[in-house]
Amino acid sequence: MRKKLAFAFVSVALVAGLSNYFIVALFSDSAASTAAGLALADALIGILAGISLSRYFTRHLKDLATATSRMSKGDLTLKVDIRTGDEIEELASSFNLMVGSLFNVVTEVKTTSQQIFASAQSLSATASEMNASTEEISSTVQNIARDAESQAEMVNRTTEITRAVASSTEEI
């Protein structure tokens, strides 16, 4: 970039010098007209050089700004192709690396979130199965308890009947 700027300024200086030389040659008869012509030529050259140089140097920066705007809206597939051989090209290359890295991070996050979702569904299914098993075990335990009570009552009745029979047998 420095070399390009230096070349641009040297070019502007050469153009200004050459234009001044031609103006002096054209208006050599009058110092006032020569000075006015030189000032006008220098002003025009400065304006044209400023416009041209600013467009030249900002064109690639605008491309990067546009790409950054698209990236901020979620487009992580874009690549910026700037071949200037200076710092702007290095910036574009770094930008492309950054976009690639962000794309990889987003892809990894997406993959991980899908795995977590699948694991959560599996855990939910397992919990539902365990809940059903627990309810079945609870129902079975309640049935066993009921049956145990029933057997205890039968044992009590059998004991009473046995005592009654024993008592009747003693009386006979």
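This write-up is about the structure you can find in this document. (Residues numbered from 1 in each chain as written. Predicted model: local features only at pLDDT ≥ 70, side-chain atom pairs only at ≥ 80, totals over all residues. Heavy atoms only, no water.)

So, the nonpolar core
Side chains that are nonpolar tend, in soluble globular proteins, to be buried together.
Turning to step 1, where the next piece is worked out: Leu64, Ala67, Met71, Leu76, Leu78, Val80, Ile82, Ile88, Ala92, Phe95 and Val99 form the largest nonpolar core, which has 11 residues in total.
Turning to step 2, where the next piece is worked out: Where this core is concerned, the elements lending two or more residues are helix H2 (31–72) and helix H3 (87–171).
Turning to step 3, where the next piece is worked out: Broken down by element, the residue count for this core peaks at 4 residues, all from H3. (Core = buried A, V, L, I, M, F, W, Y, C linked by side-chain atoms within 4.5 Å. Buried < 20%, exposed > 50% of the residue type's maximum accessible area, 1.4 Å probe, protein only. Helix = DSSP H or I, 4+ residues; strand = E, 2+ residues; numbered from the N terminus.)

A word on the side chain of asparagine 96
Turning to step 1, where the next piece is worked out: Tracing the backbone through its elements, the reader meets asparagine 96 in helix H3.
Turning to step 2, where the next piece is worked out: Leave out the neighbours within four places in its chain, and asparagine 96 touches Lys79 and Val80. (Contact = heavy atoms within 4.5 Å.)

So, the pattern of salt bridges
Turning to step 1, where the next piece is worked out: By the definition in use, this model includes 3 salt bridges.
Turning to step 2, where the next piece is worked out: One salt bridge connects arginine 70 with aspartate 75, and the closest N-O pair in it is separated by 2.7 Å.
Turning to step 3, where the next piece is worked out: Linking arginine 157 and glutamate 153 is a salt bridge whose minimum nitrogen-to-oxygen distance equals 4.0 Å. Note that arginine 157 and glutamate 153 are positioned in helix H3 at a spacing of 4 residues, about one turn of the helix. (Salt bridge = Lys/Arg side-chain N within 4 Å of Asp/Glu carboxyl O.)

A word on H3
Turning to step 1, where the next piece is worked out: Over its 85 residues, H3 extends 123 Å from the first C-alpha to the last, a length consistent with the 126 Å expected when each residue adds 1.5 Å.
Turning to step 2, where the next piece is worked out: Restricting attention to buried positions, one finds in H3 the residues Ile88, Ala92, Phe95, Asn96 and Val99.
Turning to step 3, where the next piece is worked out: At the N-terminal end of H3, a side-chain oxygen is found 3.0 Å from the backbone nitrogen of isoleucine 88, two or three residues along, and the residue is aspartate 86. (Expected span 1.5 Å × (residues − 1). Polar contact = N/O pair within 3.5 Å; in protein donor to acceptor, adjacent residues only side chain to side chain.)

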